[in-house]
Amino acid sequence: MPVKVLEEKVILEHPSGSSTEVYFYGATVTSWKCKGKERLFLSKNSFLNGTKAIRGGIPLVFPQFGKASDSSFETAILPQHGLADNQVPENLRKEWPKKFRIIYTITLTEDTLNNHLTVKNEDIKSFYFNALLHTYYYVPDISKVSIKGLSNLSYIDKVTKNTQVTDTNDSITIDQEVDRIYADVPSDEIYIDLGHEDFDNFILRKINLKDTVVWNPWIDKAHGMSDFGDDEYKQMVCVEPGTVSEYVNLNVGETWEGGQILKISK
Ligand code: TA6
(Lines give C-alpha, C1' and ligand atoms only; values in the text may rest on other atoms or scores of the structure.)
Protein backbone atom coordinates (compact mmCIF):
# COMPACT_ATOMS: atom_id res chain seq x y z
CA MET A 1 0.00 0.00 0.00
CA PRO A 2 1.60 3.31 -1.03
CA VAL A 3 2.83 5.38 1.91
CA LYS A 4 4.04 8.96 1.42
CA VAL A 5 6.08 10.37 4.33
CA LEU A 6 6.01 14.16 4.11
CA GLU A 7 7.52 16.69 6.50
CA GLU A 8 4.25 17.38 8.32
CA LYS A 9 2.22 14.23 7.75
CA VAL A 10 2.11 10.66 6.53
CA ILE A 11 -0.30 9.66 3.77
CA LEU A 12 -1.49 6.07 3.40
CA GLU A 13 -3.16 5.58 0.03
CA HIS A 14 -5.33 2.56 -0.80
CA PRO A 15 -4.22 0.76 -4.02
CA SER A 16 -7.69 1.51 -5.43
CA GLY A 17 -6.56 5.12 -5.72
CA SER A 18 -6.59 8.41 -3.87
CA SER A 19 -10.33 8.28 -3.21
CA THR A 20 -9.40 6.25 -0.13
CA GLU A 21 -6.57 7.54 2.01
CA VAL A 22 -5.58 8.44 5.53
CA TYR A 23 -3.45 11.35 6.69
CA PHE A 24 -1.82 11.42 10.06
CA TYR A 25 0.24 13.89 12.05
CA GLY A 26 2.15 12.33 14.93
CA ALA A 27 -0.17 9.80 16.57
CA THR A 28 -3.31 11.58 15.34
CA VAL A 29 -5.20 10.47 12.23
CA THR A 30 -6.25 13.85 10.82
CA SER A 31 -8.18 12.71 7.75
CA TRP A 32 -9.87 9.55 6.47
CA LYS A 33 -11.09 9.90 2.93
CA CYS A 34 -13.16 6.89 1.90
CA LYS A 35 -14.71 6.46 -1.55
CA GLY A 36 -13.88 10.09 -2.27
CA LYS A 37 -15.49 11.60 0.85
CA GLU A 38 -13.90 12.92 4.03
CA ARG A 39 -15.34 10.93 6.94
CA LEU A 40 -13.70 12.66 9.91
CA PHE A 41 -14.19 16.13 11.32
CA LEU A 42 -11.17 18.43 11.64
CA SER A 43 -11.75 21.94 12.94
CA LYS A 44 -10.65 24.71 10.61
CA ASN A 45 -9.12 26.33 13.73
CA SER A 46 -7.22 23.24 14.86
CA PHE A 47 -3.57 23.64 15.75
CA LEU A 48 -1.40 21.48 13.49
CA ASN A 49 1.94 22.67 14.83
CA GLY A 50 2.45 20.42 17.82
CA THR A 51 1.60 23.08 20.38
CA LYS A 52 -1.83 21.64 21.26
CA ALA A 53 -3.79 18.44 20.74
CA ILE A 54 -5.41 18.37 17.31
CA ARG A 55 -9.12 19.32 17.38
CA GLY A 56 -10.45 16.58 15.19
CA GLY A 57 -9.52 13.35 13.44
CA ILE A 58 -8.71 10.52 15.84
CA PRO A 59 -6.49 11.75 18.69
CA LEU A 60 -4.98 8.88 20.63
CA VAL A 61 -5.56 9.31 24.37
CA PHE A 62 -2.94 7.54 26.51
CA PRO A 63 -2.11 6.88 29.42
CA GLN A 64 -4.71 9.12 31.06
CA PHE A 65 -8.26 9.95 29.92
CA GLY A 66 -9.37 13.40 31.10
CA LYS A 67 -7.63 14.32 34.34
CA ALA A 68 -6.98 11.70 37.04
CA SER A 69 -9.59 12.01 39.80
CA ASP A 70 -7.06 10.98 42.50
CA SER A 71 -4.34 13.65 42.75
CA SER A 72 -1.92 11.13 44.25
CA PHE A 73 -2.29 8.69 41.36
CA GLU A 74 0.73 8.01 39.11
CA THR A 75 -0.88 9.68 36.07
CA ALA A 76 -2.32 12.64 38.02
CA ILE A 77 0.50 14.95 36.98
CA LEU A 78 -0.25 14.48 33.28
CA PRO A 79 -2.42 17.00 31.41
CA GLN A 80 -5.94 16.30 30.17
CA HIS A 81 -5.88 13.24 27.94
CA GLY A 82 -2.28 12.32 28.77
CA LEU A 83 0.74 12.07 26.51
CA ALA A 84 -0.22 10.86 23.07
CA ASP A 85 -3.01 13.42 22.54
CA ASN A 86 -0.47 16.18 23.15
CA GLN A 87 1.97 16.56 20.31
CA VAL A 88 4.89 17.32 22.64
CA PRO A 89 5.35 14.01 24.45
CA GLU A 90 9.05 14.59 25.12
CA ASN A 91 8.22 17.56 27.38
CA LEU A 92 5.84 15.35 29.31
CA ARG A 93 7.80 12.12 29.46
CA LYS A 94 9.56 13.14 32.66
CA GLU A 95 6.11 13.40 34.23
CA TRP A 96 5.38 9.78 33.50
CA PRO A 97 8.76 8.04 33.18
CA LYS A 98 7.53 4.58 32.32
CA LYS A 99 9.26 2.36 29.79
CA PHE A 100 6.65 1.17 27.32
CA ARG A 101 6.29 0.45 23.64
CA ILE A 102 3.16 1.41 21.72
CA ILE A 103 2.62 -0.02 18.26
CA TYR A 104 -0.21 1.83 16.54
CA THR A 105 -1.33 0.09 13.35
CA ILE A 106 -3.57 1.82 10.79
CA THR A 107 -5.14 -0.47 8.21
CA LEU A 108 -7.17 0.84 5.30
CA THR A 109 -9.57 -1.07 3.05
CA GLU A 110 -11.99 0.38 0.53
CA ASP A 111 -14.69 0.84 3.16
CA THR A 112 -12.99 0.43 6.55
CA LEU A 113 -10.38 2.09 8.73
CA ASN A 114 -8.78 -0.04 11.44
CA ASN A 115 -6.96 1.62 14.35
CA HIS A 116 -5.16 -0.99 16.44
CA LEU A 117 -3.00 -0.43 19.50
CA THR A 118 -0.62 -2.67 21.33
CA VAL A 119 0.99 -1.45 24.54
CA LYS A 120 3.93 -3.37 25.96
CA ASN A 121 5.32 -2.83 29.46
CA GLU A 122 9.11 -2.67 29.04
CA ASP A 123 9.64 -1.29 32.53
CA ILE A 124 10.80 -3.05 35.72
CA LYS A 125 7.42 -2.68 37.42
CA SER A 126 3.77 -2.65 36.44
CA PHE A 127 1.95 0.54 35.50
CA TYR A 128 -1.64 1.70 35.03
CA PHE A 129 -3.10 3.35 31.95
CA ASN A 130 -6.26 4.43 30.17
CA ALA A 131 -6.50 4.28 26.39
CA LEU A 132 -9.14 5.86 24.12
CA LEU A 133 -9.57 6.65 20.43
CA HIS A 134 -11.05 10.17 20.53
CA THR A 135 -12.80 9.88 17.16
CA TYR A 136 -14.40 13.00 15.65
CA TYR A 137 -16.91 11.99 12.95
CA TYR A 138 -17.90 14.50 10.30
CA VAL A 139 -21.69 14.83 10.16
CA PRO A 140 -23.61 17.00 7.64
CA ASP A 141 -26.23 17.98 10.24
CA ILE A 142 -26.01 17.08 13.95
CA SER A 143 -29.79 17.41 14.29
CA LYS A 144 -30.22 14.34 12.05
CA VAL A 145 -27.69 12.10 13.81
CA SER A 146 -28.71 9.11 15.94
CA ILE A 147 -26.37 6.73 17.75
CA LYS A 148 -27.56 3.16 18.34
CA GLY A 149 -26.10 0.44 20.56
CA LEU A 150 -25.95 2.33 23.86
CA SER A 151 -29.62 2.28 24.85
CA ASN A 152 -30.84 1.12 28.24
CA LEU A 153 -27.33 1.46 29.66
CA SER A 154 -26.31 3.62 32.60
CA TYR A 155 -23.73 6.32 31.98
CA ILE A 156 -21.82 9.08 33.74
CA ASP A 157 -23.16 12.45 32.59
CA LYS A 158 -20.25 14.92 32.78
CA VAL A 159 -22.57 17.81 31.94
CA THR A 160 -25.02 17.33 34.83
CA LYS A 161 -22.37 15.55 36.98
CA ASN A 162 -24.94 12.78 37.46
CA THR A 163 -23.17 9.45 37.76
CA GLN A 164 -26.04 7.08 37.17
CA VAL A 165 -28.31 7.96 34.30
CA THR A 166 -30.06 5.43 32.06
CA ASP A 167 -31.26 6.40 28.63
CA THR A 168 -34.28 4.27 27.72
CA ASN A 169 -34.56 5.68 24.22
CA ASP A 170 -33.47 3.27 21.51
CA SER A 171 -30.91 5.77 20.21
CA ILE A 172 -29.03 8.91 21.26
CA THR A 173 -29.87 12.14 19.48
CA ILE A 174 -28.06 15.41 20.13
CA ASP A 175 -29.76 18.76 20.67
CA GLN A 176 -27.61 20.11 23.53
CA GLU A 177 -24.18 19.60 25.08
CA VAL A 178 -23.56 15.86 25.49
CA ASP A 179 -20.61 14.44 27.41
CA ARG A 180 -21.27 10.87 28.54
CA ILE A 181 -19.13 7.93 29.64
CA TYR A 182 -20.80 4.56 29.08
CA ALA A 183 -18.87 1.96 31.08
CA ASP A 184 -18.79 -1.77 30.25
CA VAL A 185 -20.87 -1.49 27.07
CA PRO A 186 -22.00 -5.07 26.32
CA SER A 187 -22.18 -4.69 22.54
CA ASP A 188 -18.97 -4.24 20.58
CA GLU A 189 -20.90 -2.66 17.71
CA ILE A 190 -22.25 0.89 17.69
CA TYR A 191 -24.16 2.33 14.76
CA ILE A 192 -23.81 6.03 13.91
CA ASP A 193 -26.66 7.06 11.62
CA LEU A 194 -26.05 10.43 9.93
CA GLY A 195 -29.67 10.62 8.72
CA HIS A 196 -28.56 12.01 5.37
CA GLU A 197 -29.14 10.29 2.01
CA ASP A 198 -25.86 11.60 0.53
CA PHE A 199 -23.66 10.36 3.39
CA ASP A 200 -22.95 6.80 4.47
CA ASN A 201 -23.49 5.85 8.07
CA PHE A 202 -20.82 4.25 10.27
CA ILE A 203 -20.54 0.94 12.03
CA LEU A 204 -18.01 1.20 14.84
CA ARG A 205 -16.66 -2.13 16.09
CA LYS A 206 -14.69 -1.94 19.33
CA ILE A 207 -11.92 -4.42 20.10
CA ASN A 208 -11.14 -4.91 23.79
CA LEU A 209 -12.33 -1.36 24.59
CA LYS A 210 -15.25 -1.83 26.97
CA ASP A 211 -16.24 1.83 27.44
CA THR A 212 -17.64 4.41 25.05
CA VAL A 213 -17.64 8.21 25.36
CA VAL A 214 -20.13 10.35 23.45
CA TRP A 215 -19.38 14.07 23.15
CA ASN A 216 -20.64 17.18 21.45
CA PRO A 217 -19.72 20.53 23.02
CA TRP A 218 -22.77 22.35 21.64
CA ILE A 219 -22.97 26.14 21.42
CA ASP A 220 -21.52 27.53 24.65
CA LYS A 221 -18.56 25.15 24.96
CA ALA A 222 -17.85 25.55 21.23
CA HIS A 223 -17.68 29.35 21.63
CA GLY A 224 -15.22 28.86 24.48
CA MET A 225 -12.70 26.79 22.48
CA SER A 226 -10.05 28.72 20.54
CA ASP A 227 -9.37 25.73 18.29
CA PHE A 228 -13.01 25.17 17.32
CA GLY A 229 -15.25 27.24 15.05
CA ASP A 230 -18.37 28.69 16.69
CA ASP A 231 -20.78 26.68 14.53
CA GLU A 232 -18.67 23.58 14.01
CA TYR A 233 -20.57 21.70 16.72
CA LYS A 234 -23.27 21.23 14.05
CA GLN A 235 -20.89 19.15 11.92
CA MET A 236 -19.33 16.74 14.34
CA VAL A 237 -19.92 14.11 16.95
CA CYS A 238 -17.37 12.22 18.98
CA VAL A 239 -18.00 8.52 19.64
CA GLU A 240 -14.90 7.30 21.43
CA PRO A 241 -14.14 3.68 22.34
CA GLY A 242 -11.76 3.31 25.25
CA THR A 243 -10.84 1.73 28.52
CA VAL A 244 -11.42 4.75 30.78
CA SER A 245 -13.80 3.74 33.58
CA GLU A 246 -10.99 1.67 35.05
CA TYR A 247 -7.23 1.60 34.52
CA VAL A 248 -5.52 -1.31 32.80
CA ASN A 249 -2.78 -2.57 35.12
CA LEU A 250 -0.04 -3.88 32.84
CA ASN A 251 2.55 -6.13 34.43
CA VAL A 252 6.22 -6.21 33.45
CA GLY A 253 6.68 -7.72 30.00
CA GLU A 254 2.91 -7.94 29.36
CA THR A 255 1.24 -6.64 26.21
CA TRP A 256 -2.27 -5.19 25.98
CA GLU A 257 -4.21 -4.86 22.70
CA GLY A 258 -7.25 -2.82 21.74
CA GLY A 259 -8.70 -0.84 18.85
CA GLN A 260 -11.60 0.00 16.59
CA ILE A 261 -12.74 -0.81 13.08
CA LEU A 262 -14.80 1.90 11.38
CA LYS A 263 -16.90 0.75 8.42
CA ILE A 264 -19.04 2.94 6.20
CA SER A 265 -22.51 1.55 5.72
CA LYS A 266 -25.64 2.46 3.77
O1 TA6 B 1 -14.06 12.92 25.22
C2 TA6 B 1 -14.86 13.87 25.81
C3 TA6 B 1 -13.97 14.88 26.53
O4 TA6 B 1 -13.33 14.30 27.63
C5 TA6 B 1 -14.85 16.06 26.91
O6 TA6 B 1 -15.04 16.11 28.31
C7 TA6 B 1 -14.09 17.25 26.38
O8 TA6 B 1 -13.16 17.72 27.36
C9 TA6 B 1 -13.40 16.62 25.17
O10 TA6 B 1 -12.96 15.36 25.66
C11 TA6 B 1 -12.30 17.43 24.56
O12 TA6 B 1 -11.22 17.46 25.40
P13 TA6 B 1 -9.96 18.37 24.97
O14 TA6 B 1 -9.03 18.26 26.11
O15 TA6 B 1 -9.42 17.78 23.69
O16 TA6 B 1 -10.50 19.75 24.73
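Located above this text is the structure these notes cover.
Here the structure is a predicted model, which is why all the values come from computation and not from measurement.

A. Local environment of the sheet that holds strand β20 (residues 255-265). Ordered by their spatial adjacency, 7 strands build an open sheet running β7-β8-β20-β17-β16-β11-β14, and the pairing between neighbours is antiparallel. The open sheet has two free edges, formed respectively by β7 (100-108) and β14 (172-173), since each of these has just one partner strand. Of the pairings in the sheet, the one linking strand β17 (residues 201-207) to β20 comprises 7 bridges and is antiparallel in character. When the sheet's bridge partners are listed, Asn 201 is paired in β20 with Ser 265.

B. Structural detail: the site of the ligand. Around the ligand, a shell composed of Arg 55, Phe 65, Gln 80, His 81, His 134, Lys 158, Asp 179, Val 213, Trp 215 and Glu 240 is seen. In this structure, His 81 approaches the ligand through a side-chain N or O atom, which is 3.1 Å from an oxygen atom. Taking His 134, its side chain carries an N or O atom lying 3.0 Å from an oxygen atom of the ligand. Within the complex, 82% of the 390 Å² of free accessible area of the ligand lies under protein. When atoms are counted within 2 Å of each cavity's grid points, the one that captures over half of the ligand is the largest pocket. When the residues that make up the shell around the ligand are grouped by side-chain class, the tally is 3 nonpolar, 3 polar and 4 charged.

About the cut-offs
Residues numbered from 1 in each chain as written. Predicted model: local features only at pLDDT ≥ 70, side-chain atom pairs only at ≥ 80, totals over all residues. Heavy atoms only, no water. Pairing = 2+ DSSP bridges. Helix = DSSP H or I, 4+ residues; strand = E, 2+ residues; numbered from the N terminus. Near = heavy atom within 4 Å. Polar contact = N/O pair within 3.5 Å; in protein donor to acceptor, adjacent residues only side chain to side chain. Areas by Shrake-Rupley, 256 points an atom, 1.4 Å probe, with all protein chains shown as cover. 1 Å grid on protein atoms, 1.4 Å probe; cavity = no way out; pocket = protein on both sides within 12 Å on 5 of 7 lines; lining within 4 Å. Sits in = over half its atoms within 2 Å of the grid points. Nonpolar A, V, L, I, M, F, W, Y, C, P; charged D, E, K, R; others polar.

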